[in-house]
Each structure stands twice: as C-alpha cells, then as structure tokens.
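For reference, the chains in residue letters:
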Amino acid sequence: MPEMTAKTLSWATFGLLLSGSIPFVSNPEFVAATQPGASGTPPNPVPLPSCGECNISPTLEYQKPYAIDLNALCSAPTAYRIATRLASKIICTNGSFWVCEDTSSLTCGAFLARPSCPQDTCKR
C-alpha cells in the first residue's frame, strides 16, 4: 500500500506542476513572442511561392553568438549569459526557408543583440 501512496503523490505533484504552467502558456505576451516574425524579422510583404522539392543540396548552417539574458553568476561588465543562434538554410527548387534554434551556455560575456532569423524565400 505505501507504493500506491507514493505513486499517487508523484502523479498529483506532476499534475500540479502541469496545471501551474498553463498560465505561462496562455500568457498573451509569451504567445506573441513565440509567433513567426517575433524575432524582429518583418514578414515578407508579398506571398511566397511554394518551396517545391527541398533538401536538393546540403543544408547550410550559420552560428552567431549573442548575449541578452542577465545571469546572476556573471559579474559586470560581462553580466550576460552567452547564447548561440543556429540558423539552418534549407535549399529548395523554388527558393529556401530557414530554421532557427537558440542554445544557451554557461559562459559570460558583454551584451550582444540577438540576431534575427533570415527571411524565407519560399512557403513551407
């Protein structure tokens, strides 16, 4: 019977944690920041053509460091946590599209603006 109590408490804790994250996800500011174009890249003013066949040549990858998050473990003037934006360009017959990912590190540095994700030239 003690095992059942531990499992029940474990699932109850998981449920509380999950339900506690719902306000975070439903926060309109958070949702707006995760939408395409929120990274500072304006949307294309004209409709994009369909990409057609993709991966017709190797994906091109670019890494660019930036630092915008204050880190309590870092001291001034390098009080920001260094992160890297990995931008991958997928080549297609009718253009290309970009996939951007951010990774963080435990190193410190001076403020560096976050690079925007390049604009797509075809519709995914």
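Cut-offs and rules
Residues numbered from 1 in each chain as written. Predicted model: local features only at pLDDT ≥ 70, side-chain atom pairs only at ≥ 80, totals over all residues. Heavy atoms only, no water. Disulfide = S-S within 2.5 Å. Helix = DSSP H or I, 4+ residues; strand = E, 2+ residues; numbered from the N terminus. Buried < 20%, exposed > 50% of the residue type's maximum accessible area, 1.4 Å probe, protein only. Core = buried A, V, L, I, M, F, W, Y, C linked by side-chain atoms within 4.5 Å. Contact = heavy atoms within 4.5 Å. Pairing = 2+ DSSP bridges. Axes fitted to C-alpha atoms, helices over the stretch in contact; angles between N-to-C directions.

A. Looking closely at the state of the cysteines. Tallied over the full model, the rule gives four disulfides. At a sulfur-sulfur separation of 2.1 Å, the disulfide partner of Cys54 is Cys92. Classification of the bridge connecting Cys54 and Cys92 rests on its S-S torsion, roughly 100°, and on that basis the disulfide is right-handed. Linking Cys54 in the loop between helix 2 (28–33) and strand 1 (60–70) with Cys92 in strand 2 (residues 80–92), this pair joins segments that are 38 residues apart in sequence. Given the relative accessible area of 24%, Cys54 is considered partly exposed. Looking at Cys92, the relative accessible area reads 5%, which means it is buried. Across the disulfide from Cys100 sits Cys117; the S-S distance is 2.0 Å.

B. How the structure looks around the nonpolar core. Cys51, Ile90, Cys92, Phe97 and Cys122 together form the largest nonpolar core, which totals five residues. If near-sequence neighbours (up to four positions away) are discounted, Ile90 is found in contact with Cys54, Asn55, Thr59, Gly95, Ser96, Phe97 and Val99.

C. Spatial organisation of the pairing of strand 2. Pairing analysis gives nine bridges linking strand 1 to strand 2, with the strands arranged antiparallel. From the neighbouring strand, Gln63 faces strand 2, where its bridge partner is Leu86. Sheet analysis places strand 2 next to strand 3 (residues 95–109), joined by twelve bridges and oriented antiparallel. When the bridges of strand 3 are listed, Arg81 appears paired with Cys108. Remark: two residues form the turn of the hairpin made by strand 2 and strand 3, two consecutive strands paired antiparallel.

D. Region of the structure containing the environment of Leu70. Mapped onto the fold, Leu70 is located in strand 1. Remark: the alpha-carbon pair of Leu70 and Gly109, spanning 39 residues in sequence, is separated by 9.8 Å. With residues up to four places along the chain from it excluded, the contact list for Leu70 reads Ala79 and Tyr80.

E. Examining the sheet that holds strand 3 more closely. Taken in spatial order, the three strands make up an open sheet running 1-2-3, and their pairing is antiparallel. At either margin of the open sheet sits one strand with a lone partner, and together these are strand 1 and strand 3. On average, each strand axis in the sheet is inclined to that of its neighbour by 20°, with strand direction left out of account.

F. Structural view of the environment of Ile68. With respect to the element layout, Ile68 can be found in strand 1. Here Ile68 falls in the partly exposed class, since its relative accessible area comes to 34%. In contact with Ile68, other than residues within four places in its own chain, are Tyr80, Arg81, Phe111, Leu112, Ala113 and Arg114.

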